[in-house]
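Residue-level structural notes
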Amino acid sequence: MSLAEKTRPAEKPRATGHERKRDREPRITDEHGRRVRVWELALRYLLLLGVLALTIGPFLWQLSTSLKGPTEDIFSSPPKFLPSEPTLHNYERVAETIPVWDYALNSLKVAAANVVTNCVGAALAGYALARLRYRGRRVATLVFILTMLVPVEGIIIAQFTTMRELGLNNTLVGVLLPGCVSALNVLLMRNAFLNLPYEIEEAAFVDGANVWQRFCRIALPAVKGTLAVVAIFAFMGAWDDFLWPLIVLSDPSRFTLTIGLNYLHGTFANDERLVAAGTIIAVAPLIVLFACLQRYFFRGVGEGAVKG
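Residues numbered from 1 in each chain as written. Predicted model: local features only at pLDDT ≥ 70, side-chain atom pairs only at ≥ 80, totals over all residues. Heavy atoms only, no water.

1. Focus on the overall build of the protein
The secondary structure content of the protein amounts to 15 helices and 0 strands. Expressed as a percentage of the 308 residues in the protein, the buried residues total 32%. Long-range pairs, those at least 24 residues apart, make up 71% of the contacts in the protein with a sequence separation of at least 6. (Helix = DSSP H or I, 4+ residues; strand = E, 2+ residues; numbered from the N terminus. Buried < 20%, exposed > 50% of the residue type's maximum accessible area, 1.4 Å probe, protein only. Contact = heavy atoms within 4.5 Å.)

2. Concerning the packing of helix H5 (residues 100–131) against helix H12 (residues 224–240)
Put simply, H5 and H12 touch, their axes get as near as 8 Å, and they point 145° apart. Crossing angle aside, the handedness with which H5 passes H12 is right-handed. Touching Ala-104, Ser-107, Leu-108, Val-110, Ala-111, Asn-114, Val-115, Asn-118, Cys-119 and Ala-123 of H5 are Leu-227, Val-230, Ala-231, Ala-234, Phe-235, Ala-238 and Trp-239, all from H12. Looking at the contact of H5 with H12, its residues break down into 14 nonpolar, 3 polar and no charged. (Axes fitted to C-alpha atoms, helices over the stretch in contact; angles between N-to-C directions. Left-handed = near helix turned anticlockwise from the far one by under 90°. Nonpolar A, V, L, I, M, F, W, Y, C, P; charged D, E, K, R; others polar.)

3. Quick word on the confidence of the model for the protein
Residues at a pLDDT of 70 or more form 85% of the protein, whose mean pLDDT is 82. Segment residues 304–308 is flagged for pLDDT under 50; beyond a separation of four residues in sequence, or across chains, it makes 9 contacts in the model. (pLDDT = per-residue confidence, 0-100.)

4. Thoughts on the side chain of Asn-106
Along the chain, the position of Asn-106 falls in helix H5. There is a polar contact of 3.1 Å between the side chain of Asn-106 and the backbone oxygen of Ser-253. Here Asn-106 is in contact with Leu-172, Ser-253, Arg-254, Phe-255 and Thr-256, once residues within four sequence places are set aside. (Polar contact = N/O pair within 3.5 Å; in protein donor to acceptor, adjacent residues only side chain to side chain.)

5. Here's the deal with the pattern of salt bridges
Within this structure, the stated rule accounts for 1 salt bridge. For the salt bridge of Asp-251 with Arg-254, the shortest nitrogen-to-oxygen distance reads 3.1 Å. For Asp-251, a relative accessible area of 24% gives the class partly exposed. (Salt bridge = Lys/Arg side-chain N within 4 Å of Asp/Glu carboxyl O.)

6. A short note on the packing of aromatic side chains
Applying the stated criterion across every chain, the model contains 8 aromatic pairs. Seen from their ring centres, Tyr-127 and Phe-193 are 5.4 Å apart, and the 85° between their planes marks the pair as edge-to-face. Of this pair, Tyr-127 sits in helix H5 while Phe-193 sits in helix H9 (residues 183–194), placing them 66 residues apart in sequence. The pair formed by Tyr-127 and Phe-193 is uniform in burial state, with each residue classed as buried. Between the aromatic rings of Phe-235 and Trp-239, the centroid separation amounts to 5.6 Å while the plane-to-plane angle is 15°, which identifies the pairing as stacked. Note that Phe-235 and Trp-239 are positioned in helix H12 at a spacing of 4 residues, about one turn of the helix. Residue classification places Phe-235 among the buried positions, given a relative accessible area of 9%. Aromatic rings pair up to connect Tyr-127, Phe-193, Trp-212 and Phe-215 into one cluster. Sitting above the plane of the Tyr-198 ring, Arg-131 keeps its charged end 4.1 Å from the centroid. (Phe/Tyr/Trp six-rings, centres within 6.5 Å; stacked < 30°, edge-to-face > 60°. Lys NZ or Arg CZ within 6 Å of the ring centre and 35° of its normal.)

7. Some words on unusual backbone geometry
Even without glycine at this site, Asn-170 takes up a positive phi of about 65°. The residue Asn-170 is located in the loop between helix H7 (152–165) and helix H8 (172–176) in this model.

8. What about the environment of Glu-272?
Structurally, Glu-272 can be placed in helix H15 (residues 272–303). When its relative accessible area of 32% is taken as the criterion, Glu-272 is described as partly exposed. For the pair Glu-272 and Thr-65, spaced 207 residues apart in sequence, the C-alpha separation works out to 7.6 Å. Here Glu-272 is in contact with Thr-65, Ile-74 and Phe-75, once residues within four sequence places are set aside.

9. Some points on a nonpolar patch on the surface
Side chains of Leu-46, Leu-49, Leu-52, Ile-56, Leu-60, Phe-81 and Leu-82 sit close together on the surface and give an oily, nonpolar patch of about 660 Å² of accessible area. If you trace the backbone, Leu-60 turns up in helix H3 (residues 38–66). (Patch = residues over 30% accessible without salt bridge, like charges linked within 9 Å, V, L, I, M, F, W, Y side chains within 5 Å. Areas by Shrake-Rupley, 256 points an atom, 1.4 Å probe, with all protein chains shown as cover.)

10. Quick word on the packing of H9 against H12
At a minimum axis separation of 10 Å, H9 and H12 run at an interaxial angle of 175°. Here H9 lies roughly antiparallel to H12, going by the angle between them. Between H9 and H12, the contacting residues are Asn-185, Leu-188, Met-189 and Ala-192 on the first element and Thr-226, Leu-227, Val-229, Val-230 and Phe-233 on the second. (Parallel < 35°, antiparallel > 145°, perpendicular 65-115°, else oblique.)

See the structure below:
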């Protein structure tokens, strides 16, 4: 064999027509680089569309009902999704029927205070459980976990008795106090702080930073995403709560929005347009809050994920 034959690169076998056609087809892969068949991709999108319809379908139907006028039939068969003559008159009637904006202001006060107390309290407790060294730290963590197993209905009588003894019955402070720091939020913050590398705080400790400086300047800015998750959970829990405000409040001027909207169901149960308009008024702040914090929310889910 000549030298030219030895140094000549080996020729690749020619691809068949079927292989060339397959190479020209667009390659669809998942996050791990594995190829996904077209029918599998179509099945995934069908499932996602089904979940999307089940999730936002009722909200869109309530929005459509709230925009329909009194002459439109909301129980027609087949149902009409889009209103023929959209109107905001139902929202005006809700404000005329009940003091909805006063109720919304009371709910906003409770929800905003709940966000502040949960963010501050859960951050401090989570940092203490994750970073500080002391006896009983594992027991304290176990206590927070066990409190999540106790149903609210089992302790609601004790909570009401406590609020009455403290003189906080029929006040917004009494509505706020039992949920000012949630055990779930504490565990979320604990897991977020556990994911931070110890070397960063050790370097700050060598530079002379005390515990509060390490907490405020190093640890807390690194878990802003989890703080956003805690803020959303705290706001939703306080805004949507119905049972506890119903028990502790008796003065109509201090009612929260969820209790006030109950009057629409009781007195005007036949007018579904008013009920739908009140529902949209109650849900709108939650949508606005999530839209503002969604970037931090999805990042915070990973920061505060459960760690074994």
